[in-house]
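# Descriptive structure summary
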Amino acid sequence: MTTTRMQPGTTPAAVPKPRIKRRRPWKGRLLLNVILSLGAFTMIIPFLWMIATSLKSPAELAQFPPTLLPQVWQWSNYSEALQAAPFHLYFRNSFLISAGHTIITLVLGSMAGYALARIPFRGREWVFMGFVAMLMIPTYTKIVPQFLLVKFMPLFGGNDIFGQGGTGWLNTWWALIIPGGLSATAIFLFRQFYLSLPRELEEAARLDGLNEFRIYAQIYTPLIKPALATVALLTFQESWNNFLWPLLVTTRDDLRVIQVGLAVFQQLDSTSWHYLMAGTTLATVPMVVLFLFCQKYFIQGFTHAGIK
Amino acid sequence: MSASTRPAPTTRLLRPARALPSAPRRPDRSRSQRKLSRAGWLMVTPAVAHIGLWTALPVLATFALSLTDYNIFDAPRWIGIDNYIQIWNDPTFRLATWNTVVYTFWTVPVSMAIAMVIAVALNQNLWLRTWYRTAFFLPQVTATVAIAMVWLWIYNPQQGLLNAALSVIGIPGQAWLANPDWSLWAVILVGAWQGIGIKMLIYIAALQNVDNSLYEAASVDGASVVRKFFAITLPMLKPATFFVLVISIIGAFQVFDQIYVLTDGGPANATTMMTYEVYRSAFQNFQMGLASAQSVCLFAFLLVMTLISRRATRGDDE
């Protein structure tokens, strides 16, 4: 590409001419890199501090000014933190709930998104407009009735058919997994992805006599695998990080998710910072690792969805 | 969100299907049309049921409950707009509204400005570019609760990193979160820090659509870097800026997790927010009616923002 622009008489060193033109002088580039490095470092200081703290001994934590790196790397803090609070249980609960939400979203969300995008059924516009209206509903405008629905869920947790007398879905896996299982945003994203595919495929498939469900499952869905990954990661991340809902519907220790577990641990024991930071590291590491390995999908998803 | 404003494709797709019955093979077509309709409804029904039960119904119920006095244990009692009158006269909720506005006013523009500068810097061929982007985006993917926990430790008056760093340059430390003069600022700093990532990402996406020849032309004319930023980049980023502004305001109005962890709304309600008052009314005082009315107020604020955003995004579609 660069050679096409080569002018007669230029020295070989000047061959990639357009690049040289756009390139800043090295001093400018160095300055830019220094500033960006400092900024990036500032952004990750809290993470580094979290890890450093999680590896210090209580005696070292009591020092002021604090040491930057642990004098002795106390890896045992992690196993001791698990004794102080069942973080492994919280971790497992968070994982199960996030996986549950992701599976429900992928199955129900993609099915609805496909129908809205590709099947011209009667009333489709109304359904779609309904979902669009639901996109804008903030958490706090539905949280009180959602809680009441869970509490008065008929025939569960000792409730009678009118939802009276018991605790309903409170302190159950149902409450943790079902209400947050699907969002209008996911349906919307799926619809957009299915809309971007060519129409000829469905026409050909219908002529071949495939039923609509098979067209969805075998023809179109395999084509949007990157979109599935994007929505899956966003869903998983959101439910892993969710705090308010599990806080409201669970009080039993064995149902706690890791975010709530951290908050409760901090309230019960506000001095064991090394354990708390070990727990916090456990709560953040999965998302950081997931993000580092699947950056492309995360970035695509966040740019599409806009809102966290 | 941006896409939510484009119902146009549906109608475009629907039209051929509706036109089809006029084709010669009419009976056959309408039978397959019925089949399609059935398949469509089958596939969309689970989602409709879920969203209907867990989103649509609760929203309607919030409005209905906001007109009642309801403590979960006794049946709801209709009291008209008394809850709204109470909110209007409640100094705590007024303070919470003010705090929410202050929090939004500082976190949103500050992190937007930083995010824009970083996005512009990252929009060129830099070595380590991906790593910088990762670092700036990291706080966004990690849980707010976990992050707030780390900041709680950083703000710790005795052994915290912040006081230690300040003592190096000779500034006396503070009990940042326990001091009503500082606590809101401490919360704002966390919010601004966490919010940079997503804004940066939207700006980077927007910058990729800016035509490079504009910059080349400006270079030929001898424009400086600063001049190019103000004359080209800033105007070209205007739609993105508006979009970022609105979604950030919507996000900032719903701040909750870091308040819960860092200050619990205190000291002396200095950091309580609208969302926090909803939480307190509903789940600490069991005043479900009052909490619903408070969340309707929050919703009203957000609705105005969303309507503005819809107009804005429709603007750049055209």
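Residues numbered from 1 in each chain as written. Chains lettered and ligands numbered in written order. Predicted model: local features only at pLDDT ≥ 70, side-chain atom pairs only at ≥ 80, totals over all residues. Heavy atoms only, no water.

### A closer look at the overall build of chain B
Across its full length, chain B holds 14 helices and two strands. Buried positions account for 51% of the 318 residues belonging to chain B. Just so you have it, chain B exposes about 15,000 Å², and 64% of that area is on carbon and sulfur atoms. (Helix = DSSP H or I, 4+ residues; strand = E, 2+ residues; numbered from the N terminus. Buried < 20%, exposed > 50% of the residue type's maximum accessible area, 1.4 Å probe, protein only. Areas by Shrake-Rupley, 256 points an atom, 1.4 Å probe, with all protein chains shown as cover.)

### Some words on the interface of chain B and chain A
Chain B puts 106 residues into the contact, and the matching count from chain A is 109 residues. Surface buried jointly by chain B and chain A totals about 9,500 Å² across both partners, of which 75% is contributed by carbon and sulfur atoms. Summed over the three residues of chain B that lose the most area to chain A, namely Met-43, Trp-54 and Trp-153 of chain B, the buried surface amounts to 9% of that side. In this structure, the connection of chain B to chain A is made through zero salt bridges. Counting across the chain B and chain A interface gives 19 residue pairs in polar contact (both at pLDDT 80 or more). Tallying contributions element by element places helix H2 (residues 26–65) of chain B first for the side of chain B that touches chain A, with 23 residues. The residue makeup of the side of chain B that touches chain A, split by class, is 70 nonpolar, 30 polar and six charged. (Contact = heavy atoms within 4.5 Å. Buried area = accessible area lost by both parts, 1.4 Å probe. Salt bridge = Lys/Arg side-chain N within 4 Å of Asp/Glu carboxyl O. Polar contact = N/O pair within 3.5 Å; in protein donor to acceptor, adjacent residues only side chain to side chain. Nonpolar A, V, L, I, M, F, W, Y, C, P; charged D, E, K, R; others polar.)

### Brief notes about empty space enclosed by the protein
Residue and element names in this part refer to chain A. Within this structure, the stated rule accounts for two cavities of 30 Å³ or more. Estimated volume of the second largest cavity: approximately 80 Å³. Lining the second largest cavity are Ser-94, Ile-97, Ser-98, His-101, Leu-176, Ser-239, Asn-242, Trp-245, Pro-246 and Val-257. Of all the secondary-structure elements, those providing two or more residues to the lining of the second largest cavity are helix H5 (87–118) and helix H13 (244–249). It is H5 that provides the largest number of residues to the lining of the second largest cavity, a total of four residues. In terms of residue class, the lining of the second largest cavity is built from five nonpolar, five polar and no charged. (1 Å grid on protein atoms, 1.4 Å probe; cavity = no way out; pocket = protein on both sides within 12 Å on 5 of 7 lines; lining within 4 Å. Points joined across faces, edges and corners; volume = space filled by probe spheres on them.)

### Structural notes on the packing of aromatic side chains
Residues and elements named next belong to chain B. What the rule picks out here adds up to 39 aromatic pairs over all chains. When the ring of Phe-105 is compared with that of Trp-106, the centres are 5.5 Å apart and the planes differ by 85°; the resulting orientation is edge-to-face. Here Phe-105 falls in the exposed class, since its relative accessible area comes to 54%. The interplanar angle of 35° and the centroid separation of 5.4 Å between the aromatic rings of Phe-256 and Tyr-276 together place this pair among those described as tilted. (Phe/Tyr/Trp six-rings, centres within 6.5 Å; stacked < 30°, edge-to-face > 60°.)

### Some words on the packing of helix H2 (residues 26–54) of chain A against helix H6 (residues 144–154) of chain B
One way to put it is that H2 of chain A packs onto H6 of chain B with a least axis distance of 10 Å and a crossing angle of 75°. The pairing of H2 of chain A with H6 of chain B is recorded here as roughly perpendicular in orientation. For the pair H2 of chain A and H6 of chain B, contact is made by Pro-46, Phe-47, Trp-49, Met-50 and Thr-53 of chain A and by Ile-147, Val-150, Trp-151, Trp-153 and Ile-154 of chain B, respectively. Each residue belonging to the contact of H2 of chain A with H6 of chain B can be placed in one class, and the counts come to nine nonpolar, one polar and no charged. (Axes fitted to C-alpha atoms, helices over the stretch in contact; angles between N-to-C directions. Parallel < 35°, antiparallel > 145°, perpendicular 65-115°, else oblique.)

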